[in-house]
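# Descriptive analysis of the structure
Letter by letter, the chains look like this.
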Amino acid sequence: MKLNSFLQFFVTKETKFFPIYIKQSELLVHATKTLLDMLRVDDYEERKVLGRLIKKDETDGDELFRSLYKTLNITFITPFDREDVNELAANLDDSLDIIDDCSKNILMYQPKRIDSQLLETAQYLNECANLLLEIIKKLEAGETITEKTIIMDEKGFDANTIT
């Protein structure tokens, strides 16, 4: 038996967290796309409908986070450090919360005009959410994520330079 084969025996094959991460990421993709749509429409009633869709994504995300937390508490061996398993899910949930807060503010303040910088920022959010979904799918498949994380980092830098 080769050493590599022997060591593979000790590597966890636990995969029950990745479907939850993927679902959270899909919700984030949908919420960021919906926020972008919300910023592109002028009609308040249309914005309210889109706001309700974002709220549903946020509520569904909360349920997924609770599910992951319960699963984590009954799992002995995790695919990576327990704190990291929880932190990734918590950050995905926090991102959905922030998108929901943005939606609420748009509905509350009812802006007459949306600045191009805000639209561009929302576009970056959606692009990064899509990249994050790709990254998590690659992690689940055990593939390398270096290229995608570099692209994500570049998008973050670009978003920080919007003027």
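Up top is the structure.
In this text the structure is predicted, and so the values were computed from the model without any measurement.

### Quick notes on helix H4 (residues 82-109)
- For H4, built from 28 residues, the straight-helix expectation of 40 Å at 1.5 Å per residue is met to within 8% by its first-to-last C-alpha distance of 41 Å.
- Within the sequence span of H4, burial applies to Val85, Ala89, Ala90, Leu92, Asp93, Leu96, Ile99, Asp100, Ser103, Ile106 and Leu107.
- Of the surrounding elements, those touching the buried residues of H4 are helix H2 (17-40), helix H3 (44-73) and helix H5 (116-141).
- Among the residues trailing H4, Gln110 stands out with phi positive, at a value near 45°.

### As for H5
- When the terminal C-alpha atoms of H5 are compared, their 38 Å separation across 26 residues agrees well with the 38 Å that a helix rising 1.5 Å per residue should span.
- Every buried residue of H5 is listed here: Ala122, Tyr124, Asn126, Cys128, Ala129, Leu131, Leu133, Ile135 and Ile136.
- Next to the buried residues of H5 lie H2, H4 and helix H6 (146-160).
- Looking one or two residues beyond H5, the residue adopting positive phi is Gly142, at roughly 75°.

### Here's the deal with the pattern of salt bridges
- The full count for this structure, using the stated rule, is eleven salt bridges.
- The salt bridge partner of Asp60 is Lys56, with a shortest N-O separation of 2.8 Å. On the criterion of helical spacing, the pair formed by Asp60 and Lys56 is a turn pair, its members being four residues apart in helix H3.
- What makes Asp60 partly exposed here is its relative accessible area of 29%.
- Given the relative accessible area of 49%, Lys56 is considered partly exposed.

### Looking at the side chain of Ser25
- With respect to the helices and strands, Ser25 occurs in helix H2.
- Ser25 gets classed as buried once you look at its relative accessible area, which sits at 1%.
- When residues no more than four places from it in sequence are discounted, the contact partners of Ser25 are Leu92, Leu132, Leu133 and Ile136.

### Describing the packing of aromatic side chains
- This model, assessed by the stated rule, comprises three aromatic pairs.
- With centroids separated by 6.0 Å and ring planes inclined at 75°, the aromatic side chains of Phe18 and Tyr21 adopt a geometry described as edge-to-face. Residue Phe18 and its partner Tyr21 are both found in helix H2; the two are separated by three residues, about one turn of the helix.
- Of the residues examined, Phe18 reaches a relative accessible area of 7% and is grouped as buried.
- Tyr21 gets classed as buried once you look at its relative accessible area, which sits at 1%.
- Taken together, a centroid distance of 6.5 Å and an interplanar angle of 15° make the contact between Tyr21 and Phe80 stacked. Of this pair, Tyr21 sits in helix H2 while Phe80 sits in the loop between H3 and H4, and the two are 59 residues apart along the sequence.
- In this structure Phe80 comes out as partly exposed when scored by relative accessible area, which is 29%.
- Taken together, Phe18, Tyr21 and Phe80 form an aromatic cluster joined through their ring pairs.

The rules we used
- Residues numbered from 1 in each chain as written.
- Predicted model: local features only at pLDDT ≥ 70, side-chain atom pairs only at ≥ 80, totals over all residues.
- Heavy atoms only, no water.
- Helix = DSSP H or I, 4+ residues; strand = E, 2+ residues; numbered from the N terminus.
- Expected span 1.5 Å × (residues − 1).
- Buried < 20%, exposed > 50% of the residue type's maximum accessible area, 1.4 Å probe, protein only.
- Contact = heavy atoms within 4.5 Å.
- Salt bridge = Lys/Arg side-chain N within 4 Å of Asp/Glu carboxyl O.
- Phe/Tyr/Trp six-rings, centres within 6.5 Å; stacked < 30°, edge-to-face > 60°.

So, to be careful, I would describe these as geometric facts and stop short of saying anything about function.
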